[in-house]
Amino acid sequence: MELSTEELLQNLEESGIKVTEEEAQRFRDNEVDGETVECGLTDTMVSYLFPGSFKKQVKFNKFVQELKDVVTLTLVPVPEEHIEQSLIIDRNEARGRLPAGFVLPPFPRDLQTKLDNKEACQKSSRDRHRIIRVLHEAIIEYTMYPTNTEYVQVVQALIMKYPFLKDLGGNGYHTWHQSLKRKFKAERAPLIHEDEVKRSKEKFGHKRARESTKAARSCCRSVSGVPAVIGEDASSIERHVHVLQMQYEKMNPDTSVVKDRMQLTFSWRRKEIADGMTVEDVLKKYPFLRTPSGLCDEVDRIQPSAVNLCRRWKEGFTGIVPKVVKLAHGKSPLAKMYSEAREEMLAEDLPDVDFRAALILLPHIFKEKADQFITLGQHDAPSPYPTVQLVDTDWKMAFTRKVPVLVKLDSVDLCRGAGVEDGVISAFCAYFVFNLAYPPYMKNTLTFLQRTILDITEVGEKPLPVTVTRMINLLY
């Protein structure tokens, strides 16, 4: 059922189901498209898409059933121009493959001057597109269907000649590689119905890509292995838990006792979470996970490479604050509110104001939905992902003060803190503590914080997304 999310929403409207903008956004955020519908949505999923309306839920289920029962065959004559295009494709394929010693073509004079002067052309969208266009035109002299090896051959030649164009992360040419592939895909788009294109998609992984996407949707954060429980049993764990709960009741808990007992119960706790213990039950049993410092310490235990995570977070993020604020300028109404709030502050308060603003604005430079991650005011809207709720209802106050924050997960009050900084780091840590995959609407932002700011890489993780790599190039 090859329907995009927007096409599916349009079909729902045409069938008489009035979808509100909030409901439509739930479809987009959870990537509900024709393929998802075909795989099957549970009653819980449908009730999440249409909360509070049995009528819409029943009508949606009826719509899905009718959609699955209908098979449409459309026969159209092949236009002459398509036949001509097919001949062009055959001639392109007949030209052969790229030569082993591929030489970069000359660039337009003004662009060549910039490259000769070692200017950072990769940071200019216009210059970057022009470089890709020249490479594309050079390759199509040989083939319209380069192999992955040939893409890599060309971009490696570019980086070897102009090393200052190299990506700051990964293999150094990942963003150029992906940009060039997208250029070819866009140029071949008008030929989408041609048999040659279909054969190329079959050959070079079109089906595999779709299957991997389907698999990615169904998985949560991969856990490299639950640590073995050694030297502890249910009775000893119960004694440790009792000590922890007694310490939590004190005004001034003994930090050395807390850290010791949290370490002794760590392996047991990881197994309980992996076995499906609810967030609420975990917090009742281990109450120190209700604090920002407790969540950070737990991530230190989960990720030995993340020693002193709070300090690394502060130091790593402080270095990019000015550039985050600069990149966010004009991209969000919040950036304007921040500028206005900043003008009213004393000079000695500006570093903290800028830090909080950069945390709030970071998702905006990735063009992600920050309003589902950080919200004004407390509310009970259920979300399977951690959300930071600012108790104050004024964004200017959120920028200028350490306003009280509440982090919620699965409708449970996870922890409370002071300021956006406490809220964001607590929400981030919750993904590791409770084995949660990043949501699609915040994936690039959270991946950037994990892989770049904190330098945490888990076993089996894929290379950085192109969007993240490009942002690294701009921020460093």
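Up top you'll find the structure we're talking about.
All figures in this text were calculated on a predicted structure; none of them were measured in a lab.

Chemist: Describe the overall build of the chain, listing the residues and the values that go with them.
Modeler: When its secondary structure is counted, the chain shows 25 helices and 4 strands. Relative to its full complement of 476 residues, the chain shows a buried share of 45%. When contacts within the chain are restricted to residue pairs at least 6 apart in sequence, long-range pairs at least 24 apart make up 65% of them. Split by element, the accessible area of the chain, about 25,700 Å² in all, is 54% carbon and sulfur.

Chemist: Hey, could you go over the sheet that holds strand β2 (residues 387–390) for me, with residue numbers and the actual values?
Modeler: Strand order in the open sheet made by the 4 strands is β1-β2-β3-β4, with mixed pairing throughout. Each edge of the open sheet carries a strand with a single partner, namely β1 (374–376) and β4 (412–418). Taken pair by pair, the neighbouring strands of this sheet meet at an average axis angle of 30°, ignoring direction. In this sheet, β2 lies alongside β1 in parallel orientation, the contact comprising 3 bridges. Among the inter-strand pairings, Thr-375 is bridged to a residue of β2, identified as Gln-389.

Chemist: Help me get a handle on the side chain of Lys-408, residues and values and all.
Modeler: In this structure, Lys-408 sits in strand β3 (residues 404–409). Among residues more than four places away in sequence, those in contact with Lys-408 are His-379, Asp-380, Tyr-385, Pro-386, Thr-387, Gln-389, Asp-413 and Leu-414.

Chemist: Let's hear about the packing of aromatic side chains: which residues, and what values?
Modeler: Two aromatic rings are characterised by how far apart their centres lie and by the angle between their planes. In the structure shown here, the tally under the stated rule is 16 aromatic pairs. Seen in terms of ring centroids, Phe-366 and Phe-448 are 5.7 Å apart; in terms of plane orientation they differ by 50°. Their pairing is tilted. You can see Phe-366 sitting in the loop between α21 (350–365) and β1 and its partner Phe-448 sitting in helix α24 (residues 443–453), a full 82 residues away along the chain. Here Phe-366 matches Phe-448 in class, with each residue buried. Residues Phe-428 and Phe-432 carry aromatic rings whose centres are separated by 5.5 Å and whose planes lie at 50° to one another, so their mutual orientation is tilted. Placement of the pair is Phe-428 and Phe-432 together in helix α23 (residues 420–433), with a separation of 4 residues, close to one helical turn. By relative accessible area, which is 1% here, Phe-432 ends up buried. Among the aromatic side chains, those forming a connected cluster through ring pairs are Phe-27, Phe-50, Phe-60 and Phe-63. Its end group placed over the ring of Tyr-48, Arg-26 keeps NZ or CZ at 4.6 Å from the ring centre.

Chemist: Let's hear about the environment of Leu-454: which residues, and what values?
Modeler: Within the secondary structure, Leu-454 sits in the loop between α24 and α25 (466–475). Its relative accessible area of 1% is what places Leu-454 among the buried residues. Placed 137 residues apart in sequence, Leu-454 and Phe-317 show a C-alpha to C-alpha distance of 8.9 Å. Ignoring sequence-local partners within four residues, the contact set of Leu-454 consists of Leu-309, Arg-312, Trp-313, Phe-428 and Leu-449.

Conventions used here
Residues numbered from 1 in each chain as written. Predicted model: local features only at pLDDT ≥ 70, side-chain atom pairs only at ≥ 80, totals over all residues. Heavy atoms only, no water. Helix = DSSP H or I, 4+ residues; strand = E, 2+ residues; numbered from the N terminus. Buried < 20%, exposed > 50% of the residue type's maximum accessible area, 1.4 Å probe, protein only. Contact = heavy atoms within 4.5 Å. Areas by Shrake-Rupley, 256 points an atom, 1.4 Å probe, with all protein chains shown as cover. Pairing = 2+ DSSP bridges. Axes fitted to C-alpha atoms, helices over the stretch in contact; angles between N-to-C directions. Phe/Tyr/Trp six-rings, centres within 6.5 Å; stacked < 30°, edge-to-face > 60°. Lys NZ or Arg CZ within 6 Å of the ring centre and 35° of its normal.

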